[in-house]
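Observations on the three-dimensional arrangement
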Amino acid sequence: MIIFTHVKTTMMNRLFRIGSAIAVITTLFMSAACSLKSKPKNQNTIMIKNESEALTYELPSPSTKGEISLEETLANRRSRRTYTEESITARELSQILWAAYGITKPADNPRFMGGLRTAPSSGATYPLNIYVLAGNVSGIDPGVYRYVAEGHRIVRVIDRDLRDDLCTAAMNQEMIRKAAASLFYSATYSRTTERYGTRGSERYVCMDLGHSAQHVYLEAEALHLGTCAIGAFTDSEVKRVMQIPEEETPLYIMPVGKYTGR
Ligand SMILES: Cc1cc2nc3c(=O)[nH]c(=O)nc-3n(C[C@H](O)[C@H](O)[C@H](O)COP(=O)(O)O)c2cc1C
């Protein structure tokens, strides 16, 4: 009888331990699944490099929560031209590119080039092209990259740090040489003029640019980074340095960096 009770107790203990182990494993599995679900898609920069393709970085997923209110950002925004030697992070670059032209409502229709964006565009024609001249961005090789909104990626087009050359082409505006990175805007006018004719070329493309560039100003301010819209440069020189296709028109350079006096 005593032996039988002992065997019974041992078996119950074992069953209890197995049950507990299953419960613990299930809890761990479920919490891992939940945390995966609640995390943004890409926390880190992912570099894709294979022999046939250009070096590409999948940028960290942008955040839609910030520390500063829109009103404070508007009140503080300034053109800032004096930067420190510090690097900026891939996350900061990602956030600025997303603010400039990131996709907020994906659309399959090829007419929308991936979907509707943070910035409005005349007839959703999206004539702007954004390049990044990365000089001192942690985790990103120096060079010139084209921003691809679909997939929130940057694809390398030149594998050299061209800050000095771009600075020279932009009337030696020193901020370009010092900035950790510069956004470079060009426009493919035909995307808008095919639909709107001269109204597109005389008004809409530059209106689109203003919307997008203002987002860069505001996002930079919200991240405690400095930027300045630069429209004064020699078009042909800038086109040569950045090697942009003939049909693209250079419009703005926006250096981005940590600024002095923060
Ligand atoms: C179309 C445009 C072109 C500009 N080009 C330059 C430029 O080439 N160099 C520069 O230092 N600032 C440039 N700026 C920045 C203005 O000088 C700046 O916005 C103005 O002085 C007001 O200062 P704030 O932006 O701090 O309010 C430009 C601004 C705009 C809107």
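Since the model is a prediction, treat every value here as computed from it, not as a measurement. (Residues numbered from 1 in each chain as written. Predicted model: local features only at pLDDT ≥ 70, side-chain atom pairs only at ≥ 80, totals over all residues.)

A count of helices and strands for the protein chain gives seven helices and twelve strands. A burial count over the protein chain gives 37% of its 262 residues as buried. A separation threshold of at least 6 residues defines the contact pool for the protein chain, and within that pool the share at least 24 residues apart is 68%. (Helix = DSSP H or I, 4+ residues; strand = E, 2+ residues; numbered from the N terminus. Buried ≥ 20, exposed ≤ 12 C-beta atoms within 10 Å, placed from the backbone. Contact = placed C-beta atoms within 7 Å.)

The next subject is helix H3 (residues 90–101). The end-to-end C-alpha distance of H3, which contains twelve residues, comes to 16 Å, matching closely the 16 Å that a straight helix rising 1.5 Å per residue would cover. Counting buried positions over the twelve residues of H3 gives twelve, a clear majority of the element. All of the buried residues along H3 are Ala 90, Arg 91, Glu 92, Leu 93, Ser 94, Gln 95, Ile 96, Leu 97, Trp 98, Ala 99, Ala 100 and Tyr 101. (Expected span 1.5 Å × (residues − 1).)

Okay, the nonpolar core next. Inside soluble globular proteins, nonpolar side chains tend to come together where they are buried. In terms of nonpolar packing, the biggest core is built from 64 residues, with Val 132, Leu 166, Ala 181 and Val 256 touching the most fellow members. Considering each element in turn, this core owes the most residues, nine residues, to helix H6 (residues 190–222). Filtering out sequence-adjacent residues up to four positions away, Val 256 remains in contact with Ile 88, Ile 96, Ala 179, Ala 180, Ala 181, Ser 182, Leu 183, Ala 220, Leu 225 and Thr 227. (Core = buried A, V, L, I, M, F, W, Y, C linked by C-beta atoms within 7 Å.)

Neighbouring the ligand are the residues Arg 78, Ser 79, Arg 81, Gln 173, Cys 228, Ala 229, Ile 230, Gly 231 and Ala 232. For the shell around the ligand, the class distribution of residues is four nonpolar, three polar and two charged. (Near = placed C-beta within 6 Å. Nonpolar A, V, L, I, M, F, W, Y, C, P; charged D, E, K, R; others polar.)

Looking now at the pairing of strand E8 (residues 143–148). For strand E6 (residues 128–134) and E8, the ladder comprises four bridges, and the chain directions are antiparallel. Paired with Leu 133 across the bridge in E8 is Val 144. Inspection of the sheet shows E8 paired to strand E9 (residues 153–158) by five bridges, in the antiparallel sense. When the bridges of E9 are listed, Arg 146 appears paired with Val 155. The hairpin formed by E8 and E9 contains four residues between the paired strands, and Gly 151 there has a positive phi angle of roughly 85 degrees. (Pairing = 2+ DSSP bridges.)

Positive phi outside glycine occurs at Met 171, with the angle close to 55 degrees. Relative to the helices and strands, Met 171 resides in the loop between helix H4 (163–169) and helix H5 (175–178). A residue is classified by how many C-beta atoms lie within 10 Å of it, and Met 171, with 12 of them, is exposed. Positive phi outside glycine occurs at Gln 243, with the angle close to 50 degrees. Relative to the helices and strands, Gln 243 resides in the loop between helix H7 (235–242) and strand E12 (249–257).

The next thing to look at is the confidence of the model for the protein chain. Across the protein chain, pLDDT averages 88, with 83% of residues at or above 70. Scored below 50 in pLDDT, residues 1–9 makes zero contacts in the model with residues more than four places away or belonging to other chains. Scored below 50 in pLDDT, residues 23–39 makes zero contacts in the model with residues more than four places away or belonging to other chains. (pLDDT = per-residue confidence, 0-100.)

Here we take up the sheet that holds strand E2 (residues 56–58). Across the sheet, which stays open at both edges, the eight strands sit in the order E1-E2-E9-E8-E6-E10-E12-E11 with antiparallel pairing between neighbours. Looking at the sheet topology across the chains shown, the edges are occupied by strand E1 (46–48) and strand E11 (226–227). Of the strand pairs in this sheet, E2 and E9 are connected by three bridges, and their pairing is antiparallel. Of the residues in E9, the one forming a bridge with Tyr 57 is Ile 154. Of the strands in this sheet, E6, strand E10 (181–187), E11 and E12 touch H6, which is tilted by about 5 degrees from E12. Most of the contacts of H7 go to E12, to which it runs at about 65 degrees, and overall it touches E6, E8, E10 and E12. (Axes fitted to C-alpha atoms, helices over the stretch in contact; angles between N-to-C directions.)

Before going further, it helps to examine the environment of Arg 153. Relative to the assigned elements, Arg 153 resides in strand E9. Between the C-alpha atoms of Arg 153 and Leu 97, which are 56 residues apart in sequence, the distance is 9.5 Å. Setting aside anything within four residues of it in sequence, one finds Arg 153 in contact with Thr 56, Tyr 57, Glu 58, Leu 59 and Val 148.

So, on to the pairing of E6. With seven of seven residues buried, E6 is to be regarded as a mostly interior element. A two-sided burial pattern is seen for E6, the buried positions comprising Leu 128, Ile 130, Val 132 and Ala 134 on one face and Asn 129, Tyr 131 and Leu 133 on the other. Strand direction decides the pairing type here: E6 and E10, joined by seven bridges, are antiparallel. Opposite Val 132, over in E10, you have Leu 183 as the bridge partner.

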